[in-house]
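Here are the chains, one letter per residue:
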Amino acid sequence: MIRGSVGTVHTQVHTFSSPLMLESGAVLPSVTVAYETYGSLNPERSNAILICHALTGDAHAAGYHEGDEKPGWWEMVIGPGKAFDTDRFCIICSNVLGGCKGTTGPSSVNPETGKVYGVSFPVITIADMVMVQKKLIDHLGITNLFAVAGGSMGGMQALQWSVSYPDMVSRVVVIASTAYSTPQQIAFNEVGRCAIRSDPSWNNGQYYDQEYPASGLALARMIGHITYLSDESMHQKFGRDLLGKSVYSYDFTTDFQVESYLHHQGDRFVERFDANSYLYLTKAVDYFDLTVNGSLIDAFKDMKAKCMVIAVSSDWLYPSYLSREIVSALAQLDKTVEYCEIRSNYGHDAFLLESGQMNYLLGRFLSHLTVSDLMIRSVPTVRETVTIKGAAALMIAEAVNHLPIVSSDGRLVGIVTSWDISRSVAQDVKTLEDIMTRTVLTATPGEHISKAVNRMQKNRISALPVVDEENRVVGIITAERLSRLVVRCE
Ligand SMILES: CC(=O)SCCNC(=O)CCNC(=O)[C@H](O)C(C)(C)COP(=O)(O)OP(=O)(O)OC[C@H]1O[C@@H](n2cnc3c(N)ncnc32)[C@H](O)[C@@H]1OP(=O)(O)O
Ligand SMILES: N[C@@H](CCO)C(=O)O
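Here the residue numbers are simple positions, counted from 1 along each chain's written sequence. Chain letters start at A and ligand numbers start at 1, both assigned in the order the entries are written. Only residues with pLDDT of at least 70 get local features here, since the model is predicted, and only at 80 or more are side-chain atom pairs given and counted; chain-wide, interface and lining totals rely on the full set of residues. Excluded from the side-chain calculations are hydrogens and water; all other atoms, namely the structure's heavy atoms, are used.

The protein chain goes by Homoserine O-acetyltransferase in an unreviewed UniProt entry, where it is assigned to Methanospirillum hungatei JF-1. For the record of the protein chain, the UniProt heading Catalytic activity (unreviewed entry) holds the text "L-homoserine + acetyl-CoA = O-acetyl-L-homoserine + CoA". You can read under Subcellular location (unreviewed entry) in the UniProt record for the protein chain the words "Cytoplasm". UniProt positions are given in the numbering used here, feature names are shortened, and annotations may be inferred rather than shown by experiment.

Below, the structure is given as structure tokens:
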């Protein structure tokens, strides 16, 4: 398949004007969210994937803004024929709360004072970012996300989604990330924050109408950027090469290519990022800790999403043991989890660069469809005592051909179809008991869709009620719905 780009894209904004209570207890009077979408929502609204960006990313994950030469930051995996296939999925990416690319953050105007927040902006957490994303997803009329995915701070948000809103997330992809920030990560973030705060131009966060704390922010990025690379990649990129000279200068001008590179990264960053946002977002990363009493088991006990955890072999900022701790906790809880380690010399930023491995791993994970992905969730049921006329009336009202029959405690005891109802008229049968099927073939939410389809075909039936471990009906899959969805997915 040819991999393409989503082409020209636009950032949209939506403002939630009701107050938002944050994890700290502070309240934001309103929140604006900047977001982009690529691909279309299907009529069932079941194909949405939320992409969460890393520390300095934004809503522009793919495609090109008018006049831009560079595409969005995850162009390599988003687009027609790519892992996040826009022919199949509706991809949504929003700028995080506290950011500086359209979503409310410290550089926004406080509607209550008419002044830029600066450091009067409340401290935010990863859970707060996710709460705002949830408001956006609700606003878009989506009740279930096919997947939530992200790298680094994006991976934290993805994990947080699966913990905060377990019923809304079917899959979660956590890349080069962790379930809690380590002392080393916090230490690097604090050095970056010190660099910003010790720049006299930072002026306690009030610099918006005066000189910008450029040198502090550039220094913070230089420190951060070192941690995104690896020793190997620095050897490969620069070695000990000198900058436009063959001998050392024996002064404090730039001698090495790597120095020049870091200065370039620092300078470019200042052009695109707000210093206060850097403070707030790194603080949110530092506070991130999903452990409960030092363990992840309790944290993940209600998680329902299937999880893919990807680590990078040369990532020393988010080393693979952190990913394996997530996997181990999920495996102990008997949750569905897959672990992969990308072989790469790029270091932490490999999730932005390793196109082949990322497309392969993500594509494989996202194409694994289960019954719960395709089932109809709101399924009308009847009790055994209902009359045939009552069952027929419900079928007409709900436009369904199958009605699972349940006991008083909600357990499946049978099924009646519109064909059974027709038969009852032809044969003058009076009670539901005489026409219902008592030995019902069922499916479970976690089983692969192809197994359920095979069961339907082998037994020549057009629907399978989906039941949980206690035989309670949680949905239904029908041949009619599957044929519609499969046509859309091919
Ligand atoms: C993750 C998110 O959510 S979004 C945020 C992601 N984006 C970023 O982090 C942006 C900054 N980060 C980077 O550039 C990251 O390294 C990556 C992963 C995105 C890109 O990596 P690579 O493609 O390997 O680019 P590389 O690290 O070599 O940097 C290239 C830049 O360095 C410059 N450069 C390379 N060598 C030197 C040198 N010796 N001296 C000065 N500049 C140099 C290049 O000219 C280029 O500049 P440009 O970006 O202004 O065009
Ligand atoms: N380089 C990326 C990843 C950091 O984790 C960023 O700046 O967002």
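More follows now that the structure is in view.
A. Structural view of the overall build of the protein chain. Along the backbone of the protein chain there are 16 helices and 19 strands. Overall, the protein chain is about 100 × 50 × 50 Å in size when its C-alpha atoms are taken along their principal axes. Think of it in three bands: residues with accessible area under 20% of the maximum for their type are buried, residues over 50% are exposed, and the middle band is partly exposed, with areas taken using a 1.4 Å probe on protein chains only. The proportion of buried residues among the 490 residues of the protein chain is 51%. Two residues qualify as a contact provided that any one of their heavy atoms is within 4.5 Å of a heavy atom in the partner residue. Residue pairs at least 24 apart in sequence account for 69% of intrachain contacts in the protein chain once pairs closer than 6 positions are excluded. When the accessible area of the protein chain is evaluated, it comes to approximately 22200 Å², of which 52% is carbon and sulfur surface. Each helix is a run of H or I in the DSSP string that is no shorter than four residues. Each strand is a run of E no shorter than two, and both are numbered from the N terminus. What sets the accessible areas is the Shrake-Rupley method with a 1.4 Å probe; for residues, cover comes only from the shown protein chains.

B. Region of interest: the site of ligand 2. Only a single heavy atom is needed: when it lies within 4 Å of a molecule or strand, its residue is near that molecule or strand. All residues adjacent to ligand 2 are Ala54, Leu55, Thr56, Ser152, Arg221, Tyr228, His348 and Asp349. Thr56 places a polar side-chain atom, nitrogen or oxygen, 2.6 Å from an oxygen atom of ligand 2. Under the rule applied, a polar contact is a pair of N or O atoms within 3.5 Å (in protein, one hydrogen donor and one hydrogen acceptor; residues adjacent in sequence only if both atoms are side-chain atoms). Arg221 is positioned such that a nitrogen or oxygen atom in its side chain is 3.0 Å from an oxygen atom of ligand 2. Protein chains bury 93% of the 250 Å² of accessible surface belonging to ligand 2 in isolation. Split into classes, the residues belonging to the shell around ligand 2 amount to 3 nonpolar, 3 polar and 2 charged. Polarity classes work like this: nonpolar for Ala, Val, Leu, Ile, Met, Phe, Trp, Tyr, Cys and Pro, charged for Asp, Glu, Lys and Arg, and polar for all others, with Gly in that last group.

C. Up close: the UniProt feature "active site" (unreviewed entry) in the protein chain. UniProt tags Ser152, Asp315 and His348 as "active site" (unreviewed entry). Taking the farthest pair of C-alpha atoms as the criterion, the annotated set spanning 197 residues converges on one region, since that pair is 10.7 Å apart. Owing to a relative accessible area of 3%, Asp315 belongs among the buried residues under this scheme. At 3.0 Å, the side chain of Asp315 and the backbone nitrogen of Leu317 are in polar contact.

D. Broad picture of the nonpolar core. Only buried residues count toward a nonpolar core. Its members are Ala, Val, Leu, Ile, Met, Phe, Trp, Tyr and Cys residues joined through side-chain atoms within 4.5 Å. Core analysis: the largest hydrophobic core is formed by 71 residues, its most contacted members being Ile92, Leu97, Met129, Trp161 and Phe300. It is helix α7 (residues 275-287) that contributes the most residues to this core, 7 residues altogether. For Leu97, the contacting residues outside a window of four places in its chain are Leu22, Leu28, Val31, Thr103, Thr104, Phe121, Ile124, Asp128, Met129, Val132 and Leu281. Counting 46 residues, the second-largest nonpolar core is a separate cluster that includes Ile49, Ala54, Phe351 and Leu361.

E. Structural detail: the UniProt feature "binding site: substrate" (unreviewed entry) in the protein chain. The feature "binding site: substrate" (unreviewed entry), as annotated in UniProt, sits at Arg221 and Asp349 in this numbering. Across 129 residues, the annotated set stays spatially compact, with a maximum C-alpha separation of 13.8 Å. Residue contacts for Arg221: discarding those within four places in its chain leaves Thr56, Tyr228, Gln265, Gly266, Phe269 and Arg272. Looking at where Asp349 falls in the secondary structure, it is placed in the loop between β14 (337-342) and α10 (355-366).

F. Highlighting the site of ligand 1. Within the structure, ligand 1 sits among 19 residues, and Lys237, Gln257, Ser260, Tyr261 and Arg268 are positioned closest to it. Within the backbone of Ala54, a nitrogen or oxygen atom sits 3.1 Å from an oxygen atom of ligand 1. Measuring from an oxygen atom of ligand 1, one finds a side-chain N or O atom of His264 at 2.7 Å. Of all the secondary structure elements, the ones that give two or more residues to the shell around ligand 1 are α4 (214-228) and α6 (257-272).

G. Here's a closer look at the domain arrangement of the protein chain. Looking at the protein chain, the domain boundaries give domain 1 (12-237 + 270-368) and domain 2 (373-489). Residue ranges assigned to the domains are those given by an automatic or database domain assignment. For domain 1 versus domain 2, the separation of C-alpha centres amounts to 41 Å.

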